[in-house]
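Summary of structural features
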Amino acid sequence: MFTALSLPPGALYRVYHRRDSGRPVVDWKALRDSQTGSMQKPIQTPAQAATPYIDALLGYRTQGIVPFHTPGHKLGKGAPEIMREVFGSALLAVDVAMAGGVEDTRESTALVRAAEDLAAAAWGGERCFFLVNGSTSGIHSLLLGLAGPGDSVIVPRNAHKSLQAALIFSGAVPHYVEPAIDPLWGIPLNVPVESVAAAVAEHPDAKAVFVVSPNSNGVCAALDAIAAVTHDARLPLVVDQAWGPHLRFCSGLPLDAMSAGADAMVASTHKLISGITQSSVLVARGERLNLKRLESVVKMTQSTSPQVLIYASIDAARAQMATQGEELWNQALDNAAWARERLAPLPGVRVLSDEVLSRPGVADLDRTRLTLSACDLGLTGYELETTLRDDYGIAVEAADPLNVLLNVTYGDSRDDVAGFVAAMTDLAARRRDAGAVASATPLSSWPRFTRQVMTPRDAFFARSEALPVAQTPGRVSAEMVAPYPPGIPVVAPGEEISAEIAAYLGEAAARKLHVHGPEDLSLKTLRVVS
Ligand SMILES: Cc1ncc(COP(=O)(O)O)c(C=O)c1O
């Protein structure tokens, strides 16, 4: 079996004081050295090579069963030509409902459970749930399972918008912990341990602490210290590890949530490992949360017809990680380091690197994620994204007003990475020859949270009116506005709108920022509580 980790609560919380700044910071090296043996990631074992779910799917294909069940295309026989061409007959032949033979009956969970148990061991939990609607649905399940109407929860301000939706569903009251915004990169960093400790002390009645780590740029919080602070207050720690499905499987990557002592986490297996789009896992241990209740809530948030291909891909991706993760991710780390070395000296090009470790709330960086800016070459993140796609055939993960973000995984060869470096080298030379000057400037800094006047749910369901954004200061927002990426709300339902927030939204509209949440996506108007 996998070596499951059980960390003594409180054992890892060590804050070291730096003489130069006087600010307490977590000394990661000392922490790790002092914990030799207890904070190791799991040892890879042959038991994890088993893939019960995808094996059953393969078996179904060879049985020659005549399907009088969903879906209507009947293993592809009735599918339109274009679908057969794009999907391939092999894929359609295993697009079956669970009742169709992969699982024995619609109610049985034996096969899924076998695959989930392997995944629980791999990711370091007692229980794992496969999710078909991404980490989004895992976050909904966790909040619904932990906090009801009027209950307090401590949540990071850099939470993904799925947490705002979960607050509306559950009726819980958020108490925010704010991460610093990096002034150069314009991105939210992560939540400092000290701020989490202060929030826990201020809200002893809270039901849980939520943290996002890594954030979408790969910036990690000091999870072990946060776990210790949270557990000292007898609260469960839930980590949105959507961007960290790989962390536990390679010693060269940052510490993962379950190794750090978290009570639950969600990880998007579709984001950085081999799960297909929408696949995700929710992993939990039962010391501080009720696993049975969690299971019933997970079933409420999932389709009753889960896509078997999504489940099968989680099963295979877990086996791949658990048996080869160390080697595969070391290869990705090597390729990313190789690219960083060549990109950093290019005039006008910047790559987010280890200097970020000295910033507040930052304990580590996933160095396989490349946050890159060409602002000094006169290109916004959006322009860099389109130039890379149109002129060099390179698609990035995301773009924001200043930066682009690229994922380097074990799926990329050295040639792929070299192609990107060559493109950036050529682009930088072209821009310099054309006499480009730095033009992109950051948006005004991310507006500060004001105060929560109503619960997100009450504000969302209240009578509301759409007002021109300039007229909203002093009013209570009835909707969320989250620039995407990174999908973090600038304002959320129930919050008082400040002049700073309204100015930011005006600027975002002028720059045509992509946003999620509001009814008026052009941001000319915003819905406020009447
Ligand atoms: C931090 C964070 N959490 C959660 C999610 C939701 O994940 P999914 O797309 O798997 O639903 C995202 C998606 O981008 C995210 O960035």
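Structure: see above.
Residues numbered from 1 in each chain as written. Predicted model: local features only at pLDDT ≥ 70, side-chain atom pairs only at ≥ 80, totals over all residues. Heavy atoms only, no water.

**Focus on the sheet that holds strand β13 (residues 369-373)**
Adjacent strands of a sheet pair through backbone hydrogen bonds, lying either parallel or antiparallel. The criterion, for reference: In this analysis, strands are considered paired if DSSP registers two or more bridges between them. By the criteria applied, helices consist of DSSP H or I runs no shorter than four residues and strands consist of E runs no shorter than two, each listed in order from the N terminus. Only heavy atoms matter for contacts: two residues are in contact if any of them lie within 4.5 Å across the pair. Helix axes use the C-alpha atoms of the stretch in contact, all axes being lines fitted to C-alpha atoms, and the angles between their N-to-C directions lie in the range 0 to 180 degrees.
If you trace the four strands from one edge of the open sheet to the other, you get β11-β13-β15-β14, paired in antiparallel fashion. With one partner strand each, in any of the chains shown, β11 (350-351) and β14 (398-399) form the two edges of the open sheet. Across the sheet, helix α12 (residues 308-343) is in contact with β11 and β13; its angle to β13 comes to roughly 15 degrees.

**Observations regarding a nonpolar patch on the surface**
Inclusion rule: Distance thresholds for patches are 9 Å for like charges and 5 Å for nonpolar side chains (Val, Leu, Ile, Met, Phe, Trp, Tyr), applied to residues having over 30% relative accessible area and no salt bridge. Shrake-Rupley sampling with a 1.4 Å probe provides the accessible areas, and residues are treated as covered by the protein chains on show and by no other component. The working definition used for a salt bridge is a side-chain nitrogen of Lys or Arg within 4 Å of a carboxyl oxygen of Asp or Glu.
Judged by side-chain polarity, I82, V86, F87 and L91 come together as a nonpolar surface patch covering roughly 390 Å² of accessible area. Among the elements that make up the nonpolar patch, the one with the highest residue count is helix α3 (residues 81-87) (three residues). With respect to the helices and strands, L91 occurs in helix α4 (residues 89-92).

**Comments concerning the site of the ligand**
Spelled out, the test is: Note on terminology: near, applied to a residue and a molecule or strand, indicates that one of the residue's heavy atoms is within 4 Å of it. What qualifies as a polar contact is a pair of N or O atoms within 3.5 Å, subject to a donor-acceptor requirement within protein and to the restriction that residues adjacent in sequence count only when both atoms come from side chains.
Taken together, 13 residues surround the ligand, and among them T136, D240, W243, S268 and H270 come closest. Residue H270 places a side-chain N or O atom 2.8 Å away from an oxygen atom belonging to the ligand. Between an oxygen atom of the ligand and a side-chain N or O atom of K271, the distance comes to 3.0 Å. Contact with the protein chains removes 89% of the 390 Å² of surface that the ligand exposes when unbound. For the shell around the ligand, the secondary-structure elements that each account for two or more residues are α6 (134-146) and α10 (269-272). Ranked by residue count, the leading element in the shell around the ligand is α6, at four residues.

**Here's the deal with the packing of helix α13 (residues 381-392) against helix α14 (residues 414-433)**
To describe two helices that pack against each other, one gives the angle between their axes and the distance between the axes. Here is the rule we go by: Each angle is binned into one of four classes, with values under 35 degrees roughly parallel, values over 145 roughly antiparallel, values of 65 to 115 roughly perpendicular, and all other values oblique.
It is the contact of α13 with α14, at a shortest axis distance of 11 Å, that shows an interaxial angle of 110 degrees. Judged by the inter-axis angle, α13 sits roughly perpendicular to α14. Facing L384, T387, L388, D391 and Y392 of α13, the residues of α14 in contact are F420, A423, M424, D426, L427 and R430.

**Details of helix α5 (residues 110-123)**
As a reminder, the rule being used: Helix span, as expected, comes to 1.5 Å for every residue beyond the first. Whether a residue is buried, partly exposed or exposed follows from its accessible area with a 1.4 Å probe, protein chains only, as a fraction of its type maximum: under 20%, in between, or over 50%, in that order.
Between its first and last C-alpha atoms α5 spans 20 Å; for 14 residues at 1.5 Å apiece the expected length is 20 Å, and the two agree. Among the residues of α5, those classed as buried are L111, V112, A115, E116, L118, A119, A120, A121, A122 and W123. Elements that come into contact with the buried residues of α5 comprise α2 (52-62), β3 (127-131), β9 (264-267), α10, β10 (280-284) and α12. Just downstream of α5, G124 is the residue with a positive phi angle, here 85 degrees.

**Considerations on the packing of aromatic side chains**
Put simply, the rule is: Classification of ring pairs rests on two measures: the distance between centres of Phe, Tyr or Trp rings, Trp counted by its six-membered ring, which must be within 6.5 Å, and the angle between planes, read as stacked under 30 degrees, edge-to-face over 60 and tilted in between.
Applying the stated criterion across every chain, the model contains six aromatic pairs. With 5.4 Å between their ring centres and 75 degrees between their planes, W123 and F249 make a pair best called edge-to-face. Of the two residues, W123 is situated in helix α5 and F249 in the loop between β8 (237-240) and β9; the sequence distance between them amounts to 126 residues. The pair W123 / F249 is uniform in exposure class, with both members buried. With 5.1 Å between their ring centres and 85 degrees between their planes, F460 and F461 make a pair best called edge-to-face.

Read these as geometric descriptors, not functional statements.
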